[in-house]
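Now for the letters of each chain:
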Amino acid sequence: MSKILAFAGSSRKESVNKKLLKIAVKGVEEAGAQVTVVDLADYPMPLYNAELEAKEGMPENARKFKKLLLEHNALMIASPEYNSAFSPLLKNVIDWASRAESKTEAPLSAYQGKVAVIMSASPGALGGSRGLVFLRMLLANMGVIVLPEQQAIAGAFQAFDEDGSLKDEINQKSVLALGSKLAMTVDKLSV
């Protein structure tokens with residue numbers, strides 16, 4: 001059975017990317033896969049610093065997050081766009097979890113062989129799609145298979161209904177489909 005780790009690259013309580021993620025999570029659940037949703041605000045960690053790592057080792061929250069990555073075979077990421085790239089919070093979490101904790105641990109073990117789907121919501125006209133280019137490249141360089149399907153929701157501050165669904169029915173169906181597509185792909189690859 002697929003085990004999917006879902007998170008948004010934002011720590012804001014009312015993040016539009018957290019709202020977007022909830023819709024995609026429904027798609028995963030409808031496909032019958034197991035999904036764990038985490039809030040990166042629950043995993044505060046210092047900015048990655050090799051000297052800090054050498055002196056003190058991996059911070060406890062980075063270790064906890066990395067453990068979650070290792071326990072799941074797929075990732076679902078909703079990423080805000082910061083100046084045409086993904087958020088510093090997301091980059092920092094990815095960087096810490098990429099670190100090997102021993103000489104016998106394979107490089108990038110938390111990412112190798114994972115499957116991911118990415119999405120974004122932004123108040124801008126492009127919906128955060130520019131940031132997804134860099135996120136896709138980073139994940140692929142780390143050994144993650146990133147599905148070609150993605151979704152970018154423009155005008156995000158006005159895009160959601162009070163119940164959390166997207167006002168545009170086509171976008172709502174597309175985001176639900178991202179979740180189900182990820183679950184089905186992971187199941188096919190696990191055979």
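Up top is the structure these notes are about.
Computed from a predicted structure; not experimentally measured.

J.: Is there a simple way to think about the sheet that holds strand β1 (residues 3–8) in this case?
T.: Two pairing modes exist for strands in a sheet, parallel and antiparallel, and in both the strands are linked by backbone hydrogen bonds. Across the sheet, five strands lie side by side as β2-β1-β3-β6-β7; this open sheet has parallel pairing. Here the strands that pair on one side only, and so sit at the sheet edges, are β2 (34–37) and β7 (145–153). Sheet twist, expressed as the mean angle between neighbouring strand axes with direction ignored, is 15°. Bridge analysis of strand β3 (residues 74–78) against strand β6 (residues 115–121) gives five bridges, and the strand direction is parallel. In the strand pairing of β6, A78 is matched with M119. In the packing of helix α3 (residues 60–71) onto the sheet, contacts are made with β1 and β3, and the angle to β1 comes to roughly 140°.

J.: Looking at this model, I keep getting lost on the nonpolar core. Mind explaining?
T.: Inside soluble globular proteins, nonpolar side chains tend to come together where they are buried. In terms of nonpolar packing, the biggest core is built from 31 residues, with I4, L20, M76, M119, F160, L166 and L182 touching the most fellow members. Per-element accounting of this core gives the leading share, seven residues, to helix α1 (residues 16–30). Listed in part, the 30 residues of the second largest apolar core include I77, L90, A97 and L138.

J.: When you look at the pattern of salt bridges in this model, what are you seeing that I'm missing?
T.: Pairing is possible between side chains of opposite charge, provided their charged atoms come close. In the structure shown here, the tally under the stated rule is eleven salt bridges. Two residues, E105 and K66, come together in a salt bridge whose shortest N-O distance is 2.5 Å. In this pair, E105 is assigned in the loop between α4 (88–98) and β6 and K66 in helix α3, connecting sequence segments 39 residues apart. Residue K66 is classed as buried on the basis of its relative accessible area of 2%.

Criteria and cut-off values
Residues numbered from 1 in each chain as written. Predicted model: local features only at pLDDT ≥ 70, side-chain atom pairs only at ≥ 80, totals over all residues. Heavy atoms only, no water. Pairing = 2+ DSSP bridges. Helix = DSSP H or I, 4+ residues; strand = E, 2+ residues; numbered from the N terminus. Axes fitted to C-alpha atoms, helices over the stretch in contact; angles between N-to-C directions. Contact = heavy atoms within 4.5 Å. Core = buried A, V, L, I, M, F, W, Y, C linked by side-chain atoms within 4.5 Å. Buried < 20%, exposed > 50% of the residue type's maximum accessible area, 1.4 Å probe, protein only. Salt bridge = Lys/Arg side-chain N within 4 Å of Asp/Glu carboxyl O.

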